[in-house]
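Okay, here's what each chain looks like letter by letter:
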Amino acid sequence: MVASRNGMDTDDDGDRSLTLAARFRTEVETLRWEAAGRVRIAHRRVQLWAYIDVALGFPAALLAGVSGAAGLATENARVPAAVLALLAAGFASGAGFLRSSVRIAANKRARHAWAAMESEARILLTRQAQDGEFDSDAAEAALRSLFACRQAALAAYEADGAEI
């Protein structure tokens, strides 16, 4: 056995190449699983923020309309109309404070970026399975590309000034 430069004992270059190929496949699989999980999380967040947007926006619009109609109907209805108007303002300000539409957009961008990363990882795994040989330089370039996709997916949450 000969000690290789990366600390692994190998008999010849074939065994080292096989070990590198297995490590490459493991790393790409890990990144693919991470991306698949993040796609699901981003999708659920899009659904959650869309629900919150509707849950705050619809009552605000409904209460604003009802309070306006009640305030104009009779003089005795002005106090209940004012209470309804305050509730409507509370719902509207809550929706504005949470910025659900911005969060929806950010999570949609992230979902697409994670899906692109997952697709790229699948392509790499398929290409490796089809090729009989392992080229460490090509694998390094492929991993760098995959990590660049990961960085882009992480940055997608913050695009357009959305601090989530």
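Residues numbered from 1 in each chain as written. Predicted model: local features only at pLDDT ≥ 70, side-chain atom pairs only at ≥ 80, totals over all residues. Heavy atoms only, no water.

### Topic: the confidence of the model for the protein chain
Logical step 1: Residues at a pLDDT of 70 or more form 85% of the protein chain, whose mean pLDDT is 82.
Logical step 2: Taking the mean pLDDT of every element in the protein chain, the minimum, 42, falls on strand 1 (residues 2-3) and the maximum, 90, on helix 3 (residues 100-130). (pLDDT = per-residue confidence, 0-100. Helix = DSSP H or I, 4+ residues; strand = E, 2+ residues; numbered from the N terminus.)

### Here's the deal with unusual backbone geometry
Logical step 1: In this structure, R99 is a non-glycine residue whose phi angle is positive, near 50°.
Logical step 2: Inspection of the secondary structure assignment puts R99 in the loop between helix 2 (78-98) and helix 3.
Logical step 3: Judged by its relative accessible area of 31%, R99 falls in the partly exposed class. (Buried < 20%, exposed > 50% of the residue type's maximum accessible area, 1.4 Å probe, protein only.)

### Remarks on the packing of helix 3 against helix 4 (residues 136-155)
Logical step 1: Between helix 3 and helix 4, the shortest axis-to-axis distance is 8 Å and the interhelical angle comes to 165°. Classified by the angle between their axes, helix 3 and helix 4 sit roughly antiparallel to one another. Along this stretch, helix 3 crosses helix 4, giving a crossing that reads as left-handed. Contact residues: A110, A113, W114, M117, E120, A121 and L124 in helix 3; A142, S145, L146, C149, R150, A152, A153 and L154 in helix 4. (Axes fitted to C-alpha atoms, helices over the stretch in contact; angles between N-to-C directions. Parallel < 35°, antiparallel > 145°, perpendicular 65-115°, else oblique. Left-handed = near helix turned anticlockwise from the far one by under 90°. Contact = heavy atoms within 4.5 Å.)

### Observations regarding the side chain of N107
Logical step 1: Structurally, N107 can be placed in helix 3.
Logical step 2: Of the polar contacts made by the side chain of N107, one reaches the backbone oxygen of R103; its length is 2.9 Å.
Logical step 3: Discounting residues that sit within four places of it in the chain, N107 has contacts with A42, R45, V46, W49 and Y157. (Polar contact = N/O pair within 3.5 Å; in protein donor to acceptor, adjacent residues only side chain to side chain.)

### Examining the nonpolar core
Nonpolar side chains in soluble globular proteins generally cluster together in the buried interior.
Logical step 1: The biggest cluster of nonpolar side chains holds 23 residues, and the ones touching the most others in it are F24, V28, W114, M117, L124, F134 and L146.
Logical step 2: When residues of this core are traced back to their parent elements, those giving at least two are helix 1 (13-73), helix 3 and helix 4.
Logical step 3: Among the elements that take part in this core, helix 1 stands out by supplying eight residues, more than any other.
Logical step 4: Contacts of V28, omitting those with residues within four sequence positions, involve A121, L124, L125, L143 and L146.
Logical step 5: Core analysis: the next-biggest nonpolar cluster, separate from the first, contains six residues, V46, W49, A95 and I104 among them. (Core = buried A, V, L, I, M, F, W, Y, C linked by side-chain atoms within 4.5 Å.)

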